[in-house]
Amino acid sequence: MKDETARDDYLWDGSGEPEPDVVRLEHLLGRYRHTGAPLKLPARAAAPRRFALHAAMQILVTAASLALVALSAWFAYSVRSSGWNVHSLAGGPIIAGARVDGPARLPIGEAITTDGSSRARIDVGSIGVVDVEPNSRVRLVTARVGEHRLALDHGQIRALIWAPPGLFFVNTSSSTAIDLGCAYTLKVDDRGWGRLAVESGWVAFQHGGRESFIPKDAVCATRPGIGPGTPYYSDALPGMEEALTILDFSPTQDVRRQAALDTVLTLSRPKDALTLWHLLSRGTREERARVYDRLASLVPPPPEATRDAVLRRDRRALDAWWNALDLDSASWWRLWKRKWQK
Amino acid sequence: MAPVIPRTDIPVIGDRAAVTRFPAGHAVEDGNLVRSARAGDESAFARLYERYGRIVHAVLLARVDRQDVDDLVQDVFLTAWKRLDDLRDPAAFGGWIGMIARNRATDAHRRTAEFVELPADLESPGATSAEAEANAALAAIRALPAAYRETLVLRLVEGLTGPEIAARTGLTPASVRVNLHRGIKMLRERLDR
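Residues numbered from 1 in each chain as written. Chains lettered and ligands numbered in written order. Predicted model: local features only at pLDDT ≥ 70, side-chain atom pairs only at ≥ 80, totals over all residues.

Undergrad: An account of the overall build of chain B is requested, with residue identities and associated values reported.
TA: What chain B contains, in helices and strands, is 8 helices and 0 strands. Going from the N terminus to the C terminus, chain B shows its helices and strands as α-α-α-α-α-α-α-α. Buried positions account for 46% of the 193 residues belonging to chain B. For chain B, long-range pairs separated by at least 24 residues make up 70% of all intrachain contacts whose partners lie at least 6 apart in sequence. (Helix = DSSP H or I, 4+ residues; strand = E, 2+ residues; numbered from the N terminus. Buried ≥ 20, exposed ≤ 12 C-beta atoms within 10 Å, placed from the backbone. Contact = placed C-beta atoms within 7 Å.)

Here it is as structure tokens:
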């Protein structure tokens, strides 16, 4: 790589012989440089001030009046406008017993249902769209600025969200999908078994204290009463998915588990470090010890991720090893507080 | 022994994002500034703006209409200011604000996607040839893969050196150097057509 870039010293740090075309481009494009215009910030925390009593009372009365007017206006507005826009993509989806042919509204608490020949598109406020595929039922649970939440009772949806992470959620009977800025498909069958496949970005799949993080080109199953399984890449070697199903959803005394773990460890490629990392905090201690050894052979653990700490499921140790996995731009979801865990 | 996933100095290939690693000292300073800003210290946030204004500007300029960029920079920092409490690791401010900028650019692009775009090298009335040439160069950069266009905008528009880009984006110096090298090569090919 050094040979490839050796003649770019001027481009790299301004040293060396100036390259005429680079100088020309700097000169031309410098006109678009950031000007550093001052920011105009609203106050985060108002400093305490002393007011004369009569002035304070005046402000209180005025504020109360304004609040009353605003509350009335908000209530009137919200009654009229709560919910999300919907339109039919095919056939006649149903909302509250009425067939949707043109633009319609999905009110909070209501469901949209599609049959075998109908599809619909829901505008998720201004942050994305959700396509409801045939034979599906989707309810609108929450529609407010900081939380956009649907429930997929059964069927399939495809979500495309461009908002910051942690604003869009889809409940299923077994897990909650938390969008981390991405596109994904989520299926739930009549038993409540789910499967999430990510096309771009990342999705968190969470139930109780169990969570899985699924990147682009990976999938993850979920089951009622257990929660999300272990994510794996869709190009995983044959046998991986079946083995993970046993490990994720069978009781620890299931005799098939040892062979299933053998399969997972044998079939794991370097990119399957994603899968192995999730298995570090699942299963019996003996199983996790074997996972530790295999993952360590693929990605050396950082100093904090000692064997003892990882087998204790120490959060800091697991996080440190995750950071060592170099999962492309994956680290950004970790920058956001996991509000959904509260 | 099974192959080891490379952990550092991974060059960016095409649109593949490289791993971000901020210098520890830099990140610690960012963390302190974020904590002060959370307490309402506007000067601390202004310092973060000084550090990352050009990064955010470049991320946006590489993606959205030039006329919208300044407003969007303000918008991104305003969002960050309001949501500072959502940042789990204060030391990770650089990666976080970059991500907000990319999401904001995607949103802005979506909102304007329904309008037909004029050819990027179309001269506006009264434009000088230098302006037209600058527009064409910017349009050519914006047609490059994401990793190259951001790095080139930071170097050629914002005037940061490669080591400065590495320090502020968290990319490894090797990744930045490769991005610059390959990006300028592709840019030359496009401008020569």
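Undergrad: Any chance you could break down the overall build of chain A for me, citing the residues and the numbers?
TA: Across its full length, chain A holds 10 helices and 18 strands. Here chain A holds 342 residues, and the buried ones make up 34% of them. When contacts within chain A are restricted to residue pairs at least 6 apart in sequence, those whose partners lie at least 24 apart make up 40%.

Undergrad: Before we move on, can you summarise the packing of helix α3 (residues 20-29) of chain A against helix α5 (residues 129-142) of chain B with the specific residues and values?
TA: Where α3 of chain A meets α5 of chain B, the axes come as close as 9 Å, and the angle between the chain directions of the two elements is 105°. The orientation of α3 of chain A with respect to α5 of chain B, classified from their angle, is roughly perpendicular. Each of L25, L28 and L29 of chain A in α3 of chain A lies in contact with α5 of chain B, whose residues at this interface are A130, E133, A134, A137 and L138 of chain B. In terms of residue class, the contact of α3 of chain A with α5 of chain B is made up of 7 nonpolar, no polar and 1 charged. (Axes fitted to C-alpha atoms, helices over the stretch in contact; angles between N-to-C directions. Parallel < 35°, antiparallel > 145°, perpendicular 65-115°, else oblique. Nonpolar A, V, L, I, M, F, W, Y, C, P; charged D, E, K, R; others polar.)

Undergrad: Any details on the nonpolar core? Residues and values, ideally.
TA: L196, V203, I214, W277 and L295 of chain A are the most contacted members of the largest nonpolar core, which has 67 residues in total. When residues are assigned to domains, this core turns out to be shared by domain 1 (82-229) and domain 2 (236-328) of chain A, each giving three or more. The contacts of L196 of chain A, once residues within four sequence positions are left out, are A177, Y184, L186, V203, F205, I214, V219 and C220 of chain A. With 59 residues, the next largest nonpolar core counts Y49, L154, V176 and L187 of chain B among its residues. (Core = buried A, V, L, I, M, F, W, Y, C linked by C-beta atoms within 7 Å. Domains from an automatic or database assignment.)

Undergrad: Could you give an account of the environment of T113 of chain A, with specific residues and numbers?
TA: Residue and element names in this part refer to chain A. Topologically, T113 is positioned in strand β5 (residues 111-113). Separated by 25 residues in sequence, T113 and V138 place their C-alpha atoms 6.6 Å apart. Once residues within four sequence positions are removed from consideration, T113 is found in contact with P93, I94 and R137.

Undergrad: Any details on helix α8 (residues 285-298) of chain A? Residues and values, ideally.
TA: All names here are of chain A. With 14 residues, α8 extends 20 Å between its outermost C-alpha atoms, agreeing within 8% with the 20 Å of an ideal straight helix rising 1.5 Å per residue. Regarding α8, the residues found buried are E287, R288, V291, Y292, L295 and L298. Each buried residue of α8 lies within a common arc of 145° when the element is viewed along its axis, so the set occupies one face. Relative to its buried face, α8 has exposed residues pointing more than 90 degrees away, namely E286 and D293. Next to the buried residues of α8 lie α6 (257-267), α7 (273-279) and α9 (307-311). (Expected span 1.5 Å × (residues − 1). Arc of directions from axis to C-beta.)

Undergrad: If you had to explain the environment of W322 of chain A to someone new, which residues and values would you point to?
TA: Locating W322 of chain A in the fold gives a position in helix α10 (residues 315-324). Taking the C-alpha atoms as reference points, W322 of chain A and A273 of chain A, 49 residues apart in sequence, are found 9.1 Å from one another.

Undergrad: A description of the pairing of strand β9 (residues 147-161) of chain A should follow, citing residues and the corresponding values.
TA: Residues and elements named next belong to chain A. Judged from the 5 bridges that link them, strand β7 (residues 128-132) and β9 form a sheet pairing that is antiparallel. In the sheet register, V132 faces β9, and the bridge partner there is I157. Direction of pairing for strand β8 (residues 137-144) relative to β9: antiparallel, over a ladder of 7 bridges. Looking across to β9, one finds that R139 is bridged to A151. Here β8 hands over to β9 after 2 residues, the two strands then running antiparallel side by side. (Pairing = 2+ DSSP bridges.)

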